[in-house]
Amino acid sequence: MKKDINYINIVEPSIKEARKRRGAEVLIKNFILEPKYLNLGAGKKYMLKTYGCQGNLADSEKIAGILEMMGYVETNDELAADFVLFNTCAIRENAEERVFGEIGRFEKFRKKNPNMLIGICGCMPQEERTINKIKKTYPHINIVFGTHNIAELPKFLYNAIIEKQKTLEVLSIEGHIYEDVPVKRDHPKKAWVNIMFGCDEFCTYCIVPYTRGKERSRRPEAIIEEVKELAKLGYVEVTLLGQNVNAYGKDLKDINYTFADLLKDLNKIDIKRIRFTTSHPRDLDDATIDAMSLGGNIMPHLHLPVQSGNNRVLKKMNRKYTREEYLEKIKKLKEKVPGISITTDIIVAFPGETEEEFNDTLTLVDEVGYEGAYTFIYSPREGTPAATYENLLTDEEKHQRLNQLNERINDGFLKGRLRFEGHVVEVLVDGPSKNNPNMMTGYTPHNMLVNFEAPNAKVGDLVQVRIVKAYSWHLLGELVK
Ligand code: 5AD
Ligand code: SF4
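Residues numbered from 1 in each chain as written. Chains lettered and ligands numbered in written order. Predicted model: local features only at pLDDT ≥ 70, side-chain atom pairs only at ≥ 80, totals over all residues. Heavy atoms only, no water.

Considerations on the domain arrangement of the chain
Often, the extent of an interface is quoted as the loss of accessible area on bringing the components together.
And step 1. Assigned domains of the chain: these are domain 1 (7-18 + 37-169), domain 2 (184-418) and domain 3 (424-479).
And step 2. Taken over C-alpha atoms, the centre of domain 1 sits 35 Å from the centre of domain 3. (Domains from an automatic or database assignment.)

The following block contains the structure:
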């Protein structure tokens, strides 16, 4: 096999291995760029295509940091890139199809630019099926690696540029933690800060615990230091990242330090806005709700994925909470953090979901009053338990449920936004609106998108905006002079 496709190294993923939790030691490794890789990218251009969640966006900022440390510069010119890297997502099938379509397009560009190297990393290569497809249909991809070995990208590029060899190296391990990786942040005032990696929840539909390894927390000192440093550099907003931030600290056996403790410590730092994602309803505890009630820099918004409003479906999903327990936590949140905005993720047409069970999701949506939601049709992921469950719904029925849910939640979104009409809110400016370059956009503390005219505003400014009209998905405002 090695000879056939001429890879310098073949380490292939195994979903079976990736499922195991053996309690392997988590090493904290410091990133160092070996001198022989330092100028490998001098005079060369890279293009990074990122798909999926905030975890991937944060990883891409690290990849860009590493590439720039090697001398590469970023380009937007598809034909001029010497290295094109796809940082991929495996959460649903349609995300995967899009990536292969794009890779095919770039393989055509290579006819005009034969020196172009193509790489794929992130969650897709962690799946056996992706590797089989690459070997069969895309054997010209130069570098294939996964979520565990981003720090080794310089070595993979060396293999390609100097040794003229391809690399396929995907580790199915529980995972380690890298510190000191250079980061090229996309936003001048907003920063992602990973607080933990991996997931041990094993929701039956989800591939993430297999693609990202076990739950492992960064040391609190490292996180606090990073946030302090960001504040010093003038960053205004930090979003703490983890697949299940409420499990933060559980794996740090030598200290008794939880997510609530972290929030309380970060609350003391002089930075304007602290956000976090994603929370898991089972692990969201009273201490965290109390920490949120401190206010200050902790923003009044919580993304709390519910997935379904029906207890039988929740059980089949292995979510480990009931509808009633979820609603109880929402009640506490609303009491302790008045005006909090709550958003969620919902999956429709999970295998075996009946019409009545789906209706429970609709009534839950009304009861909670979400002000934002990502809604999905269940997508089977090979190797996960739910992929073996029988699903009798037709595509039409699945889409019908999604549409019905979307209509219902849109009504709720509008209701939630109407409360801001006439109010003045603080907006952190993100830049001109994509749809209308004459308008600026930005987010409020409640994480609501606002469009407003402000010819002199700059990215990262904090401005006061009066809300003049609420729509389902955004607010329209005018700058308060
Ligand atoms: N099919 C559909 N949606 C999924 N999600 C995770 N796995 C799947 C799947 N197999 C959704 C969940 C999760 C969000 C990030 O993606 O709602 O919260
Ligand atoms: Fe997937 Fe569940 Fe982990 Fe979220 S908590 S990443 S849905 S397994």
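Quick look at the environment of V238
And step 1. Along the polypeptide, V238 turns up in strand β13 (residues 237-241).
And step 2. Taking the relative accessible area as the measure of exposure, V238 reaches 0% and is therefore buried.
And step 3. Each C-alpha atom, one on V238 and one on N297, is 9.8 Å from the other, the two residues being 59 residues apart in sequence.
And step 4. Those residues in contact with V238 that sit more than four places away from it in its chain are A191, V193, V227, L230, I271, R273, I274 and R275. (Helix = DSSP H or I, 4+ residues; strand = E, 2+ residues; numbered from the N terminus. Buried < 20%, exposed > 50% of the residue type's maximum accessible area, 1.4 Å probe, protein only. Contact = heavy atoms within 4.5 Å.)

Comments concerning unusual backbone geometry
And step 1. Going from T277 to T278, the amide bond is cis rather than trans, its omega being 5°.
And step 2. Mapped onto the secondary structure, T278 falls in the loop between β14 (273-277) and α10 (286-292).
And step 3. Positive phi, close to 75°, is recorded for Q307, a residue that is not glycine.
And step 4. Note on placement: Q307 falls in the loop between β15 (301-303) and α11 (311-316).
And step 5. The residue N318 is not glycine, and still its phi comes out positive at about 60°.

A closer look at the site of ligand 1
And step 1. Every residue close to ligand 1 is listed here: I91, R92, Y205, Q307, D345, I347, F376, I377, Y378, S379 and R381.
And step 2. With respect to ligand 1, the side chain of R92 contributes an N or O atom lying 3.0 Å from an oxygen atom.
And step 3. The separation between an oxygen atom of ligand 1 and a polar side-chain atom of D345 is 2.7 Å.
And step 4. For ligand 1, whose free accessible area comes to 410 Å², the fraction covered by protein is 87%. (Near = heavy atom within 4 Å. Polar contact = N/O pair within 3.5 Å; in protein donor to acceptor, adjacent residues only side chain to side chain. Areas by Shrake-Rupley, 256 points an atom, 1.4 Å probe, with all protein chains shown as cover.)

Notes on the sheet that holds strand β1 (residues 7-11)
Strand pairing in a sheet relies on backbone hydrogen bonds. The paired strands run either parallel or antiparallel.
And step 1. Read from one edge of the open sheet, seven strands run β1-β8-β7-β6-β5-β3-β4, paired in parallel fashion. The open sheet terminates on both sides in strands that have one partner only, identified here as β1 and β4 (73-74).
And step 2. Where β1 lies against strand β8 (residues 166-169), four bridges are found, and the strand directions are parallel. Residue pairing for β8: V11 is matched across the bridge by E169.
And step 3. Strands β3 (45-50), β4, β5 (83-88) and β6 (117-122) of the sheet are contacted by helix α3 (residues 54-69), whose axis makes an angle of about 170° with β3.
And step 4. Of the strands in this sheet, β3, β5 and β6 are in contact with helix α4 (residues 93-109), which crosses β5 at around 175°. (Pairing = 2+ DSSP bridges. Axes fitted to C-alpha atoms, helices over the stretch in contact; angles between N-to-C directions.)

Here's the deal with the site of ligand 2
And step 1. What surrounds ligand 2 is the set C199, E201, F202, C203, Y205, C206, V208, P209, Q243, H280 and R319.
And step 2. Residue composition of the shell around ligand 2, by class: seven nonpolar, two polar and two charged. (Nonpolar A, V, L, I, M, F, W, Y, C, P; charged D, E, K, R; others polar.)

Some points on the sheet that holds strand β22 (residues 475-479)
And step 1. Reading around the barrel, the five strands line up as β18-β19-β20-β22-β21 and close back on themselves, with mixed pairing between neighbours. For this sheet the average axis-to-axis angle between neighbouring strands, irrespective of direction, equals 50°.
And step 2. Pairing of strand β21 (residues 462-470) with β22, which is carried by five bridges, proceeds in the antiparallel orientation. Residue pairing for β22: K469 is matched across the bridge by L476.

Regarding helix α13 (residues 355-368)
In an α-helix there are 3.6 residues to a turn, and that puts residues three or four apart on one side.
And step 1. Taking 1.5 Å of rise per residue, the 14 residues of α13 would be expected to cover 20 Å, and the 20 Å separating its terminal C-alpha atoms lies within 8% of that figure.
And step 2. Taken as a whole, α13 has its buried residues at E357, F358, T361, L362, L364, V365 and V368. Within α13, the buried residues cover an arc of 160° as seen down the axis, which keeps them to one side. Set apart from the buried face of α13 by more than 90 degrees, the exposed residues are E356 and E367.
And step 3. In the core, the buried residues of α13 are packed alongside α11, α12 (323-336), β16 (341-348) and α14 (395-418).
And step 4. Where α13 terminates, the next one or two residues include G369, which has phi positive at roughly 75°. (Expected span 1.5 Å × (residues − 1). Arc of directions from axis to C-beta.)

Notes on the environment of K331
And step 1. Summarising the element assignment, K331 is placed in helix α12.
And step 2. On a C-alpha basis, the gap between K331 and V368 in space is 8.6 Å, while along the polypeptide they are 37 residues apart.

A word on the pattern of salt bridges
And step 1. Tallied over the full model, the rule gives 46 salt bridges.
And step 2. One salt bridge in this structure joins E169 and K155, with 3.7 Å as the shortest N-O distance. Placement of the pair is E169 in strand β8 and K155 in helix α6 (residues 153-161), with a sequence separation of 14 residues.
And step 3. Between E237 and R273 there is a salt bridge, with its nearest N and O atoms 3.5 Å apart. Here E237, found in strand β13, pairs with R273, found in strand β14; they are 36 residues apart in sequence, far enough to count as distant. Here E237 and R273 have matching classes, each one buried.
And step 4. One continuous salt-bridge network, built from bridges that share partners, spans E93, E96, E127, R129, R381 and E382. (Salt bridge = Lys/Arg side-chain N within 4 Å of Asp/Glu carboxyl O.)

Here we look at the nonpolar core
And step 1. Ranked by size, the top nonpolar core spans 58 residues in total, and within it L240 and L262 carry the most contacts.
And step 2. What L262 contacts, discounting residues up to four positions off in sequence, is I195, I223, I224, L240, Y248 and Y257.
And step 3. Among the nonpolar cores identified, the runner-up in size contains 29 residues, and Y7, A90, M124 and I134 belong to it. (Core = buried A, V, L, I, M, F, W, Y, C linked by side-chain atoms within 4.5 Å.)

Quick look at the pairing of strand β19 (residues 440-443)
And step 1. Relative to β19, strand β18 (residues 424-432) runs antiparallel, the two sharing four bridges. Paired with P432 across the strands is M440, a residue of β19.
And step 2. Taken together, the four bridges between β19 and strand β20 (residues 449-453) define a ladder with antiparallel strand orientation. Looking at β20, one finds that G442 is bridged to V450.

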